[in-house]
Amino acid sequence: MAKVKLTKTALKQQRDNLKQFQRFLPTLQLKKQQLQMEMRSCLERIHRNEEREKESKDSLSSWLVLFGAEADAMRVADTVRVERVETDTLNIAGVDVPRFKGVVFEKHDYDIYTEALWFDDAVAALKKIVELRMEREVIRKQYELIENELRVTTQRVNLFEKVKIPECKENIRTIQIYLGDMDTSAVARSKIAKKKLQETAA
């Protein structure tokens, strides 16, 4: 802790600093709560996403039975290729995070009249699984960014609560004691000087 000057100017500065810290602290605490809530929300969305993927896999497994050979499964997989994942940006408690918009798949034409009856449904089911996985990756990125921001915000809250505010209060107390002692000493010196003047005059 830097040594504080024991002056009225330093006292005013410490009081101003204390007011500023006490004004900013509730905002930081609110931000911390919002970030914690958003992290919980991300975890819930990841969980729901995993459940939906499991349902889609279960649905796809009924089509897998119809695949006569590994070549059939490979043809379905070759039909489902990701061109790009579309996202936009969302601001959560002051941090920009990606938001999942959708998946654009490469165009892959196939003749629905020559393919087996199950082929189209199998492609749709596989696309759904891929979309869910891409969405989950975006949610995980959100979680990671929010977690980083929460760490920084928590450090600031702790700095204000445990260091800056107590430090200012202690500095104010120290300066007030010193200035009080100086006032008392000045009054005592003044009385002694006055008494000496009276003695000299008599």
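Please refer to the structure placed before this passage.
All of these numbers come straight from a predicted model, not from anything done at the bench.

Here the focus is the overall build of the protein chain. A count of helical and extended segments in the protein chain gives three helices and two strands. Along its sequence from the N terminus, the protein chain presents helices and strands in the succession α-α-β-β-α. Out of the 202 residues belonging to the protein chain, those deemed buried represent 27%. Expressed as a percentage of contacts within the protein chain between residues at least 6 apart in sequence, the contacts between residues at least 24 apart total 81%. Accessible surface, the protein chain as shown: approximately 13900 Å² in total, 53% of it carbon and sulfur.

Quick look at the nonpolar core now. Proteins that are soluble and globular tend to have nonpolar side chains buried together. If you look at the biggest cluster of nonpolar residues, it comprises 14 residues, and the most contacted ones within it are Leu11, Leu18, Phe21, Leu25, Phe160, Ile165 and Ile175. Broken down by element, this core gets its largest block of residues, seven residues, from helix 3 (residues 119–201). If we skip the residues at most four places from it in the chain, Phe160 touches Phe21, Phe24, Leu25, Leu28, Ile165 and Pro166. Counting residues in hydrophobic clusters, the runner-up holds 13 residues, among them Phe119, Ala125, Leu126 and Ile129.

Turning our eyes to something else, we now look at unusual backbone geometry. A positive phi angle is found at Ala93, which is not glycine, with a value near 50°. Examined against the element boundaries, Ala93 turns out to sit in the loop between strand 1 (82–92) and strand 2 (95–105).

This model, assessed by the stated rule, comprises one aromatic pair. With centroids separated by 5.1 Å and ring planes inclined at 65°, the aromatic side chains of Phe21 and Phe160 adopt a geometry described as edge-to-face. Residue Phe21 is found in helix 1 (residues 8–64), and its partner Phe160 is found in helix 3; the two are separated by 139 residues along the sequence. When sorted by exposure, Phe21 lands in the same class as Phe160, which is buried. The cationic tip of Arg23 hangs over the ring face of Phe24; the distance from NZ or CZ to the ring centre is 5.4 Å.

Once that is clear, we can look at the pairing of strand 1. Moving residue by residue along a regular strand, the side chains alternate between the two faces of the sheet. Of the pairings in the sheet, the one linking strand 1 to strand 2 comprises 10 bridges and is antiparallel in character. Looking at the pairing, Ile92 lines up with Val95 of strand 2. Linking two consecutive strands that pair antiparallel, namely strand 1 and strand 2, is a turn of two residues; a positive phi of about 50° is found at Ala93 within it.

Scoring rules and cut-offs
Residues numbered from 1 in each chain as written. Predicted model: local features only at pLDDT ≥ 70, side-chain atom pairs only at ≥ 80, totals over all residues. Heavy atoms only, no water. Helix = DSSP H or I, 4+ residues; strand = E, 2+ residues; numbered from the N terminus. Buried < 20%, exposed > 50% of the residue type's maximum accessible area, 1.4 Å probe, protein only. Contact = heavy atoms within 4.5 Å. Areas by Shrake-Rupley, 256 points an atom, 1.4 Å probe, with all protein chains shown as cover. Core = buried A, V, L, I, M, F, W, Y, C linked by side-chain atoms within 4.5 Å. Phe/Tyr/Trp six-rings, centres within 6.5 Å; stacked < 30°, edge-to-face > 60°. Lys NZ or Arg CZ within 6 Å of the ring centre and 35° of its normal. Pairing = 2+ DSSP bridges.

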